Amino acid sequence: MTSIMEDFYNCLSKTVVEDILNEDGEYSLRTSHQDDAVKRLTATLDDNIASRIDDLLCEQLAIGELRECAYFRAGFRLALELTR
């Protein structure tokens, strides 16, 4: 069942979730501001520190994606149980 959930999650995250987020003006505004802030910060730091900060931000994104996937799987399992 896990592989089915993961396949379903991947399909939804690439279509439905992306569409929902793109419709949300706040999401677009926040991501735009964050991208600009990261660029400004990176420009003021030397390459070594900028690389370390980039690694940290990428790790935080990966953790967020794992958490998001876990929430989806929990919701999917709950939905399956409710349909029984």
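Our structure's up above, just so we're on the same page.
The structure displayed is predicted, hence computed values, not measured ones. Going along each chain's sequence as written, the residues are numbered from 1 onward. At least 70 in pLDDT is required for a residue's local features to be given in this predicted model, at least 80 for side-chain atom pairs to be given and counted, and no such filter applies to totals for whole chains, interfaces and linings, which use all residues. As a rule here, side-chain values cover all heavy atoms of the structure and leave hydrogens and water aside.

Engineer: Looking at this model, I keep getting lost on the pattern of salt bridges. Mind explaining?
Structural biologist: The term salt bridge refers to a pairing of a side-chain nitrogen on Lys or Arg with a carboxyl oxygen on Asp or Glu at a separation within 4 Å. Tallying each qualifying case throughout the model produces 3 salt bridges. Across the pair arginine 30 and glutamate 26 runs a salt bridge whose closest N-O atoms are separated by 2.8 Å. In this pair, arginine 30 and glutamate 26 are both assigned in helix H3 (residues 25–44), 4 residues apart and thus about one turn of the helix distant. Of the charged contacts, one joins arginine 84 and glutamate 81 as a salt bridge, the two residues approaching to 3.7 Å between their closest N and O atoms. Elements are defined by DSSP. Helices are runs of H or I of four residues or more, strands are runs of E of two residues or more, and each kind is numbered from the N terminus.

Engineer: Please clarify how the layout of surface pockets should be interpreted in this entry.
Structural biologist: Empty pockets left among the atoms are what a rolling probe the size of a water molecule brings to light. In this structure, the largest pocket occupies an estimated 660 Å³ of space. Here a cavity is any set of points on a 1 Å grid over the protein atoms alone where a 1.4 Å probe fits but cannot get out, and a pocket is any open set with protein on both sides within 12 Å along at least 5 of 7 lines; a residue lines the site when it has an atom within 4 Å of a point. For the largest pocket, the lining is made up of 19 residues, of which Tyr27, Leu61, Gly64, Glu65 and Glu68 are closest to its centre. Among the elements of the structure, helix H1 (2–14), helix H2 (16–23), H3 and helix H4 (47–82) are those that each provide at least two residues to the lining of the largest pocket. For the lining of the largest pocket, the element with the most residues is H4, which contributes 10 residues. Grid points are joined across faces, edges and corners, and a volume is the space filled by probe spheres set on the points.

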